[in-house]
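# Notes for the structure review
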Amino acid sequence: MKIIKDRIAKWSAVGLLIALAASVYAPTASAHGEKSQAAFMRMRTIHWYDLKWSKEAVNVNEEVEITGKFHVFEGWPETVAEPDDAFLNIGIPGPVFIRKESYIGGQLVPRSVRLEVGNTYDFRVVLKARRPGDWHVHTMLSVQGGGPIIGPGKWITINGSMRDFTNPLTTLTGQVIDLETYNLDNTYFWHSLWYAFGLAWLLYWVRRPIWLPRWLMVKAGRADELVSAGDRKVALGFGAATILIVVFAMSSANSQYPVTIPLQAGTVRGIQPIAMPKHTQKVKVEDAVYRVPGRSMNMTLTITNSGSSAVRLGEFYTASVRFMNAEVAKDDTGYPEDLLAEDGLTVSDNSPIAPGETRTVKVTASDAAWEVYRLSDIIYDPDSRFAGILFFWDAAGNRTQTTIDAPLIPSFM
Ligand SMILES: [Cu+2]
């Protein structure tokens, strides 16, 4: 008996502790499931790089600019629709920012665009802070048939009060309005009116016996008696009122706002890509093994430098994770820490590769990000391929880049 009492006391104490811990430590759900997006998709579709977030903390109404480049990867997986219809978006938890402007290749892109596989584009998105809080802000490309393809996310803090948020703009007729509150009363009015109207219609029919008595009447072949002559008149009244309200409201709206243009849609084509120099380093992936226990990827690369200066490998980028070789390259852009392996890349022989030289080296990219960002999941795919960008630097600080795309073999030892 005593043992049981002791156990109950012990487990109650544990339960209380857990409840207490849960009430003290209650993190808000703030991620977007970026880690659960298939790893092959993040590795083999859009490569976001050279990203810059202009600010890490802003006040309500202030702007943040995200700039950078994205490469539409040549080895785009056949299971994902190509970006023939794509929309440059931003991945945030609801309208905590509003998007004021977005550009691809210098062109304003408020609508969908057609992008070509193999091309690299620069982009710029201007956001205006709306709701205070700490928000994870991602770049994102929404591809029709492919889904949203998410880029790296950075935490941005918005301070202030949402009550101060304004979104003024001048219409094409010269009227200055605040889009945040424009005609809000009208919106409330029409929602309430039709809600009440629908409710009245429901109440009219629901107030009398329903379900079983009616079912029995229908069963007995007396369904016609369920609807009386008075019911028909009421129904006609509701119908006539609906039509009249719509006709009057529409004509009054038309006379009040004589000039309207439809929402603009359609796909923008001919977006200018960046004129990328030809790859000056040819890289052949001899083999690539992902070591599960070490959370590291070991590649054997044969690099041919056909450029005019000696280069060293400084960075391997895949799925927004940057494995840096600290001796060669450092990040000074404030790149999200969890996606930056500052010393995650080692090269067996990283002396400069001379112009014309071909060298086979062993390259290791290791960081917890392989597991944290669930990139290692690709080893369980039926098509276990990885892809990414290798960045090379010469002594003068010039950067060149080459994409790689190869099968990845897991090793569980
Ligand atoms: Cu996020």
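Reading guide: rules and limits
Residues numbered from 1 in each chain as written. Predicted model: local features only at pLDDT ≥ 70, side-chain atom pairs only at ≥ 80, totals over all residues. Helix = DSSP H or I, 4+ residues; strand = E, 2+ residues; numbered from the N terminus. Rg over C-alpha atoms; globule rule 2.2 N^0.38 Å. Buried ≥ 20, exposed ≤ 12 C-beta atoms within 10 Å, placed from the backbone. Pairing = 2+ DSSP bridges. Core = buried A, V, L, I, M, F, W, Y, C linked by C-beta atoms within 7 Å. Domains from an automatic or database assignment. Expected span 1.5 Å × (residues − 1).

## Comments concerning the overall build of the protein chain
- Counting its secondary structure elements, the protein chain contains 6 helices and 23 strands.
- For a compact globule of 413 residues, the expected C-alpha radius of gyration is about 22 Å, and the protein chain comes in at 30 Å, more than 25% above that figure.
- Counting across all 413 residues of the protein chain, residues that qualify as buried make up 24%.

## With respect to the sheet that holds strand β5 (residues 97–104)
- Strand order in the open sheet made by the 5 strands is β1-β3-β8-β5-β6, with antiparallel pairing throughout. Across the chains shown, the open sheet's two edge strands, defined by having one partner strand only, are β1 (46–53) and β6 (107–108).
- As judged from the 2 bridges shared by β5 and β6, these two strands associate in the antiparallel manner. Residue pairing across strands places I104 opposite Q107, the latter belonging to β6.

## Concerning unusual backbone geometry
- For N183, which is not glycine, the phi torsion reads 55° and is therefore positive.
- As for its position among the elements, N183 is in the loop between β12 (176–178) and α3 (184–206).
- On the basis of neighbour count, N183 is assigned to the exposed category, with 11 C-beta atoms found within 10 Å.
- Of note, R295 is a non-glycine position whose phi angle comes to about 50°, a positive value.
- Structurally, R295 is set in the loop between β14 (281–291) and β15 (296–305).

## Looking at the nonpolar core
- Counting residues in each nonpolar core, the largest one holds 71 residues, and the members touching the most others are M43, V321 and L375.
- Split by domain, the residues of this core number at least three in each of domain 1 (34–167) and domain 3 (281–411).

## With respect to the environment of W194
- Take W194: it is sitting in helix α3.
- Given 12 C-beta atoms within 10 Å, W194 falls into the exposed group.
- C-alpha of W194 to C-alpha of T242: the two residues are 48 residues apart in sequence and 9.2 Å apart in space.

## Considering the domain arrangement of the protein chain
- One can read the domain layout of the protein chain as domain 1 (34–167), domain 2 (177–256) and domain 3 (281–411).
- Inter-centroid distance (C-alpha atoms) of domain 2 to domain 3 is 64 Å.

## What about the environment of R399?
- Looking at where R399 falls in the secondary structure, it is placed in strand β22 (residues 399–407).
- Separated by 88 residues in the primary sequence, R399 and V311 have C-alpha atoms spaced 8.8 Å apart.

## Quick look at α3
- Its 23 residues give α3 an end-to-end C-alpha distance of 32 Å, which sits within 8% of 33 Å, the value for a rise of 1.5 Å per residue.
- Little of α3 is tucked away: 0 of the 23 residues are buried.

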